[in-house]
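Next come the chains, spelled out residue by residue.
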Amino acid sequence: SGKTTVWCNIAAAVSSGRPCFIEHGETVQREPGTVMFFSAEDSLKYTLARRLRKNGADLSRIISLDISDERFQAVKFNSDFLEQLLATYRPELRIFDPIQSFVPAEIKMGDRNAMRQCLEPLIGYGDKYGTTFLIIEHTNKQSGVYGRRRIADSADIWDISRSVLIAGDTGENGQRYMAHEKANYGRHNDTVLFSLDDEVVTFRGTSELTDRDYVLKVQYSGKAQPQRADAKNLILHLLENFQVEDDEGNFPEPGRMETGTLDALLKQYGVSKNTAARAKSELTKEGKIKAVATGFGKDKKWFTVLCPDTNG
C-alpha cells in the first residue's frame, strides 16, 4: 500500500514545516522539526534519501542509522541506546519500520502482556522528550477482516496506540486510502485518498468510507449482484449468500450478519442510509427478517437475521 512512501511524506512535512498529504487543504503553521527514523527494509543511501527528497524533505533535519550500521541492532523499544538517542537529538518525530525489527528477540509478539511491557517505555519517552512515535505495522492476510483484527501480531499494539491509520488499496485506478481508525486525543478524520506518482504521495480527495468498507468491497466484488434488485431484495440476497468473519474468527452460517456489516455492504452497493432503514423496516414488518442482540453493555452487538420461512 505504499507505507514507506507514506511515512516519507509525513517525515518530509515535519522536517520542512509544510503540510503532508493527510493535511491537504488545512492551514498548517509550524516550525520545521527534527525527524529520526529507523528502517529495516530499505537503505537510506540507495532508497529512502531519494524518496524523502522527492517528497520535499529538508534532509538536514533528518537523522537515521542505516541498516548496515553495526549499531542498528541495538535500537530496541526498551533499550538504553534508544533513550540515549532521544536525549541527544530530541526529535519531534521518531519512525520505526517495521515494528518486528525493534522488538527484543526474547519477546513473543503474540504475547499481549509482553508486547505492552515492551511498548510502554515509549509513552514515558514521549512525555519526557516531546517526541511522537510512528510505528509501521504490516496488516495480516486474512480475508474479510478489518480494523483492530488487521493487526498482524498482538492486538495490544492497537490498544496501546493513541492513533491508528490504516492504508490500503481502493481497487480503483491505482487509488489508495488512509483511514483514521482510532483517535484517542481528538476526532476521527475522514479517510484520505491518494496515489503514488514517481515515489511521491499525491492527495486525491477524501472519503467517508472506512477500512471496513473497503475490505468488504474487495471481498464481495466477485459475487454476482442481483439484476435490478431493490434494497429489500438485496438485503435478502446478502443475508442468504454472504458470510463475514466474526470476532472469534468464525464464519457463521448464511442468514445471520452483524447489522453494521450489512449496512456497510448496502452502502457499497449504493443504497442510501434512509433507503436501507426503510427496507429493513418493511422486511421486519413482513416477518422476513428480525433484529437480534447479543451481549450486554459495551459488548452488546446487533445482528440482522433471516426468519425461518424467508426461503419458503
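You'll find the structure just up there.
Residues numbered from 1 in each chain as written. Predicted model: local features only at pLDDT ≥ 70, side-chain atom pairs only at ≥ 80, totals over all residues. Heavy atoms only, no water.

A. The arrangement of the pattern of salt bridges in detail. For the structure on display, the rule yields 18 salt bridges. A salt bridge links D211 to R150; its shortest N-O distance comes to 2.5 Å. Here D211, found in helix α6 (residues 211-220), pairs with R150, found in the loop between β4 (132-135) and α5 (156-160); they are 61 residues apart in sequence, far enough to count as distant. Judged by its relative accessible area of 0%, D211 falls in the buried class. Here R150 falls in the buried class, since its relative accessible area comes to 12%. Between K280 and D263 there is a salt bridge, with its nearest N and O atoms 2.7 Å apart. Of the two residues, K280 sits in helix α9 (residues 273-285) while D263 sits in helix α8 (residues 259-268), which places them 17 residues apart along the sequence. D263 sits in the partly exposed class, given a relative accessible area of 32%. Via salt bridges that share partners, R50, R51, K54, D198 and E199 belong to a single interconnected network. (Salt bridge = Lys/Arg side-chain N within 4 Å of Asp/Glu carboxyl O. Helix = DSSP H or I, 4+ residues; strand = E, 2+ residues; numbered from the N terminus. Buried < 20%, exposed > 50% of the residue type's maximum accessible area, 1.4 Å probe, protein only.)

B. Highlighting α8. Of all 10 residues making up α8, seven are buried, and the element is well covered by its neighbours. For α8, the complete set of buried residues consists of T259, T261, L262, A264, L265, L266 and Q268.

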